Amino acid sequence: MESEFVNWLRARVPSHPLVPIGIGDDAALLSLASGKCVVTSDMLMDGVDFVLNDCDPRRIGRKSLAVNLSDLAAMAAKPVAAIVSLAVPTDVSLEVMKMIYEGVLEMADEFGVALAGGDTNSWKHPLAISVTAIGEPTKRGVLMRGGARAGDVILVTGQFGGSILGRHFDFRPRVEEALYLHSRYELHGAMDVSDGLSLDLNRLARESACGAILDASQVPISADAYRLSEQNPAKGSPLDHALGDGEDFELIIATSPETAEQIVADRSFGVPVTRVGEFIADPGLWLRSATGECHPLTPHGYEH
Ligand SMILES: [Mg+2]
């Protein structure tokens, strides 16, 4: 089955100018002009990140690459190539494996990413898919979590909460947005929200040796967060969902108040950017009410 699959894959994967040697040899050769690369890796597992029997395998493939592209976006790196490795239960058909790769290839095509190689093994355990993505920094270098300064504004892309209703599969990583903003504005730091807005914001603030205040009334709450809260009010308010659900794959950006104002007013791309608070010198995470009172906010979200 493996050789049949590899033959299918070699025929199916398009060539890419930055990957002169790709699938089929012992290793891939990448041709990166800048001489530096940004590398990230993420593994998705059946029963943890998805349920194989309940979803279209293409969505699993799509997501496995998209979560890695989101990490490249957080560093403002241009995606170049991906290495995809799959551990499949022995009872999974070749057809399902192909569908997973179709999902990977769909996402790869959307962002000009080469599928440069990988590995496929079968075993008697649940499906796991591991993707390593390789990107190139731009001339301005990479963005990091440690760059926020006290007095910086907290900006976020998109909306938060309720991704479990479908967006955790079908989100679009903010690659273009990150590259656009990084090329035009002086950004101090960034990260992507994979585990929950409050949890990831707290990580960014700590890495920057700052604290952060979130304005409760400014957090962009998704329609899905309202829907979830309506279905089960005991599980929290729409804001609770927005602060802690995770898998939003939006960006948190730190920048000066002047730059933040220009970015919020910039209508060059479709994704809204919202000011949700500020970084402060004192450590800790705070939620500020519409009347200006600050209360400690316990970071919550998905802990690995
Ligand atoms: Mg990340």
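Residues numbered from 1 in each chain as written. Predicted model: local features only at pLDDT ≥ 70, side-chain atom pairs only at ≥ 80, totals over all residues. Heavy atoms only, no water.

So what's going on with the sheet that holds strand β8 (residues 251-255)? Residues and values would help.
Strand order in this open sheet of 7 strands is β6-β8-β5-β9-β7-β10-β11, and the pairing throughout is mixed. Two strands close off the open sheet at either side, each with one partner strand: β6 (187-192) and β11 (294-296). Across the sheet, the mean angle from the axis of one strand to that of its neighbour is 30 degrees, orientation sign disregarded. Bridging between strand β7 (residues 211-215) and strand β10 (residues 284-288) involves 5 bridges; their strand directions are parallel. Bridging from a neighbouring strand, I213 pairs with W286 of β10. Lying over the sheet, helix α9 (residues 257-265) contacts β5 (153-157), β6, β8 and β9 (273-280), oriented at roughly 25 degrees with respect to β5. (Pairing = 2+ DSSP bridges. Helix = DSSP H or I, 4+ residues; strand = E, 2+ residues; numbered from the N terminus. Axes fitted to C-alpha atoms, helices over the stretch in contact; angles between N-to-C directions. Contact = heavy atoms within 4.5 Å.)

So, the packing of aromatic side chains: which residues are in play, and what are the values?
Each aromatic ring pair is summarised here by two numbers: the centre-to-centre distance and the angle between the ring planes. The final tally for this structure, using the stated rule, is 3 aromatic pairs. Between the aromatic rings of F5 and Y101, the centroid separation amounts to 5.1 Å while the plane-to-plane angle is 70 degrees, which identifies the pairing as edge-to-face. Taken together, the residues span a long stretch of sequence, with F5 in helix α1 (residues 2-12) and Y101 in helix α3 (residues 94-110) at a distance of 96 residues. Through successive ring pairs, a cluster of aromatic residues spans F5, W8 and Y101. Its end group placed over the ring of F169, K63 keeps NZ or CZ at 5.4 Å from the ring centre. (Phe/Tyr/Trp six-rings, centres within 6.5 Å; stacked < 30°, edge-to-face > 60°. Lys NZ or Arg CZ within 6 Å of the ring centre and 35° of its normal.)

Hey, could you go over the pairing of strand β4 (residues 128-137) for me, with residue numbers and the actual values?
Buried residues dominate β4, accounting for 8 of its 10 residues. For strand β1 (residues 38-45) and β4, the ladder comprises 8 bridges, and the chain directions are antiparallel. Following the sheet pairing, V38 is matched in β4 by G135. Here strand β2 (residues 77-89) pairs with β4 via 10 bridges, running antiparallel. Across the sheet, the residue bridging to K78 is E136, located in β4. (Buried < 20%, exposed > 50% of the residue type's maximum accessible area, 1.4 Å probe, protein only.)

Give me the lowdown on the domain arrangement of the protein, citing residues and values where you can.
Entries for the protein in the domain assignment read domain 1 (2-137) and domain 2 (145-296). Each of domain 1 and domain 2 has a C-alpha centre, and the two are 28 Å apart. Opposite the 21 residues of domain 1 that make contact, domain 2 presents 19 residues. Contact between domain 1 and domain 2 buries roughly 1,700 Å² in total, counting both sides, with carbon and sulfur atoms accounting for 62%. When the buried surface of domain 1 facing domain 2 is broken down by residue, R59, K63 and F111 rank first, second and third, together holding 31% of it. Across the domain 1-domain 2 interface, the total number found is 3 salt bridges. A salt bridge links K63 to E247; the nearest nitrogen and oxygen atoms lie 2.9 Å apart. Run the count over domain 1 and domain 2 and you get 7 residue pairs in polar contact (both at pLDDT 80 or more). At the level of secondary structure, the elements contributing two or more residues to the side of domain 1 that touches domain 2 comprise α2 (57-74), β2 and α3. When residues in the side of domain 1 that touches domain 2 are grouped by element, the largest group, 11 residues, is from α2. (Domains from an automatic or database assignment. Buried area = accessible area lost by both parts, 1.4 Å probe. Salt bridge = Lys/Arg side-chain N within 4 Å of Asp/Glu carboxyl O. Polar contact = N/O pair within 3.5 Å; in protein donor to acceptor, adjacent residues only side chain to side chain.)

Can you tell me about the coordination of the magnesium ion, naming the residues and giving the values?
Surrounding the magnesium ion are the protein donor atoms D71 (OD) and D192 (OD), at 2.1 Å. Here the residue D71 occupies a position in helix α2, and D192 occupies one in strand β6, the gap between them amounting to 121 residues. In this structure D192 comes out as buried when scored by relative accessible area, which is 3%. (Donors = N, O, S within 2.8 Å, 3.2 Å for Na, K, Ca; no water.)

Give a detailed account of the environment of W123, specifying residues and quantitative values.
Along the chain, the position of W123 falls in strand β3 (residues 114-123). Exposure remark for W123: the relative accessible area of 38% places this residue in the partly exposed category. Those residues in contact with W123 that lie beyond four places of it in its chain are A87, V88, P89 and T90.

Can you break down the environment of D245 residue by residue, with the values?
Relative to the elements of secondary structure, D245 occurs in the loop between α8 (238-244) and β8. Taking the C-alpha atoms as reference points, D245 and L199, separated by 46 residues in sequence, lie 9.8 Å from one another. Sequence-distant contacts of D245, that is, excluding residues within four places in its chain, are made with G161, G162, L228 and D240. Side-chain polar atoms of D245 contact the backbone nitrogen of G162, separated by 2.7 Å.

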